[in-house]
Amino acid sequence: MTKIEFADGLPLPVDAATQTFGFLARKRGGKSYAAGKLVEGLHAHGVQFVVLSPLPNWFGLRLAADGKPPGIDVPLLGGLRGDIPLSPDAGRLVADAVIDTGRSFVLDVSQFSLGERKRFATAFGEQLWQRQKAQHDPRPIHVVLEEAQLFLPQQIFKGDEHMVGIWTEIVRLGGNMGIGVSLISQRPQSVAKEALTQVECLVVLQVNGVPEKKALKEWIVEKGGDTDLLNELPFLKPGEAYVWSPQWLEHFGRHKILPKWTFDSGMTPKVGAKRAAQVPLRPIDLDALRAQMAEATKKAEEHDVGALRRRIRELEARLAKPSMSDQQLEAAR
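What counts as what
Residues numbered from 1 in each chain as written. Predicted model: local features only at pLDDT ≥ 70, side-chain atom pairs only at ≥ 80, totals over all residues. Heavy atoms only, no water. Helix = DSSP H or I, 4+ residues; strand = E, 2+ residues; numbered from the N terminus. Buried < 20%, exposed > 50% of the residue type's maximum accessible area, 1.4 Å probe, protein only. Contact = heavy atoms within 4.5 Å. Areas by Shrake-Rupley, 256 points an atom, 1.4 Å probe, with all protein chains shown as cover. Pairing = 2+ DSSP bridges. Core = buried A, V, L, I, M, F, W, Y, C linked by side-chain atoms within 4.5 Å. Salt bridge = Lys/Arg side-chain N within 4 Å of Asp/Glu carboxyl O. Axes fitted to C-alpha atoms, helices over the stretch in contact; angles between N-to-C directions. Parallel < 35°, antiparallel > 145°, perpendicular 65-115°, else oblique. Left-handed = near helix turned anticlockwise from the far one by under 90°. Nonpolar A, V, L, I, M, F, W, Y, C, P; charged D, E, K, R; others polar. Expected span 1.5 Å × (residues − 1).

**Description of the overall build of the protein chain**
Item 1. When its secondary structure is counted, the protein chain shows nine helices and 11 strands.
Item 2. Looking at the protein chain residue by residue over its 333 residues, the buried ones come to 47%.
Item 3. Of all intrachain contacts in the protein chain linking residues separated by at least 6 positions in sequence, the fraction that spans at least 24 positions is 73%.
Item 4. Surface exposure of the protein chain reaches about 16,800 Å², of which carbon and sulfur atoms provide 53%.

In structure tokens, the structure reads:
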């Protein structure tokens, strides 16, 4: 069977597409780099992927490792580098595009407000799940949730219930319908436990914090493993990870993540360093999608009670202003 090149001494089966991964590390510890390596491998085997990210770093998939094209031919929606702007009210529309086109997408929600991000993630997740379940022969899709704790928080505030419920269901049941998920987080203690316990392949790089190690210990104990490795995590070298898959791979080992062939856009900016430029890409009818998103936004505003109330207040304020008398109008003439 053809394997996915992922880590030194650890090629992955192609059915990684429908597995649940957890990529955990401290800030700038290499977790997104490792997840990007997995995405490269999935793409090389024709697996569709979707990256949902509140960080603007995944544009690097579009470029080669030296920061120049070509990279992966994937549309980038939203953010400061997107092919087209991404409307916070277009979650259902974008999910339809994912299912209908069979194309991979990078969805950059970094420019959304907190409420907009939640609204988009909820609608996108729900429509993706409903459409995928309705397929008689579903095509495998791998969804990457960057900063997973923002979409699957352990502490659920009022208004988050629907979003968390949808994504928890996708994590728990998605594999049966052809949806795999990668959860990326520097704060495993902040990721919903019901989702984190569903992780089948845990990839842990450098971890220093006590709360993070405590959360990992709970996962290890739940899987019946040895917690002694927690003491080694702070001393892992850059790019080194412990990979643990108790059931799927029946493997536990320390590995070096292989180099990516696409651009490492998650690198910390350095003074005087030049960042990669935006690369134009039109693999689908982006004009049509842009028009559809504009229409979706218009319809959302028409049914937005808050927007209607604001409009009413504007009209009331305008009417409350003293108008010119007939004599004033005559004088003005």
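**A closer look at the pairing of strand E9 (residues 201-204)**
Item 1. Residues Cys201 and Val203 line one face of E9 and the alternating positions Leu202 and Val204 line the opposite face, and both faces are buried.
Item 2. Where strand E3 (residues 20-24) lies against E9, four bridges are found, and the strand directions are parallel. Bridge pairing links Phe21 to Cys201 in E9.
Item 3. Bridge count between E9 and strand E10 (residues 240-245): three bridges; the pairing is antiparallel. From the neighbouring strand, Val204 faces E10, where its bridge partner is Tyr242.

**Comments concerning unusual backbone geometry**
Item 1. Geometrically, the link from Pro69 to Pro70 is a cis peptide bond, its omega value of 5° lying close to zero.
Item 2. Positioned with a positive phi, Glu147 is a non-glycine residue whose angle comes to about 50°.
Item 3. Structurally, Glu147 is set in the loop between strand E7 (141-145) and helix H4 (161-173).
Item 4. Looking at Glu147, the relative accessible area reads 10%, which means it is buried.
Item 5. Residues other than glycine seldom take positive phi values, yet Glu250 does so here, at roughly 50°.
Item 6. Counting through the fold element by element, Glu250 comes out in the loop between E10 and strand E11 (251-256).

**As for the nonpolar core**
Item 1. Counting residues in each nonpolar core, the largest one holds 51 residues, and the members touching the most others are Leu52, Leu107, Phe120, Phe124, Leu145, Leu152 and Trp167.
Item 2. Not counting chain neighbours up to four residues away, the residues in contact with Leu107 comprise Val50, Val51, Leu52, Ser53, Leu77, Leu86, Val94, Phe120 and Phe124.
Item 3. Residues Val47, Phe49, Phe59 and Val243 belong to the second largest nonpolar core, which totals 36 residues.

**Structural notes on the pattern of salt bridges**
Item 1. A complete count under the given rule lists nine salt bridges for this structure.
Item 2. Among the ionic pairs, Asp89 bridges to Arg119, the shortest N-O distance being 2.8 Å. Linking Asp89 in the loop between strand E5 (76-78) and helix H2 (91-101) with Arg119 in helix H3 (residues 114-133), this pair joins segments that are 30 residues apart in sequence.
Item 3. Exposure remark for Asp89: the relative accessible area of 26% places this residue in the partly exposed category.

**Describing the packing of H3 against H4**
To describe two helices that pack against each other, one gives the angle between their axes and the distance between the axes.
Item 1. Orientation of H3 relative to H4, taken along the N-to-C sense of each, is 40°, at an axis distance of 9 Å. Our classification of the angle between H3 and H4 gives oblique. Here H3 runs over H4; the crossing is left-handed. On the side of H3, the interface is formed by Lys118, Ala121, Thr122, Phe124, Gly125, Glu126, Trp129 and Lys133, while H4 contributes His162, Met163, Ile166, Trp167, Glu169, Ile170 and Leu173.
Item 2. Grouping the amino acids of the contact of H3 with H4 by side-chain chemistry returns eight nonpolar, three polar and four charged.

**Regarding the sheet that holds strand E4 (residues 48-53)**
Item 1. Read from one edge of the open sheet, nine strands run E5-E6-E4-E7-E8-E3-E9-E10-E11, paired in mixed fashion. Each end of this open sheet is capped by a strand with a single partner; those strands are E5 and E11. Here the average twist between neighbouring strands, direction ignored, is 15°.
Item 2. In terms of strand pairing, E10 meets E11 through six bridges, oriented antiparallel.

**Quick word on H4**
Item 1. The terminal C-alpha atoms of H4 lie 18 Å apart, and with 13 residues this matches the ideal 18 Å at 1.5 Å per residue to within 8%.
Item 2. Among all positions in H4, only Met163, Val164, Ile166, Trp167, Thr168, Ile170 and Val171 are buried.
Item 3. Contacts from the buried residues of H4 go to E3, E4, H3, E7, strand E8 (179-185) and helix H5 (193-196).

Functional significance is not addressed by these values, which are geometric in nature.
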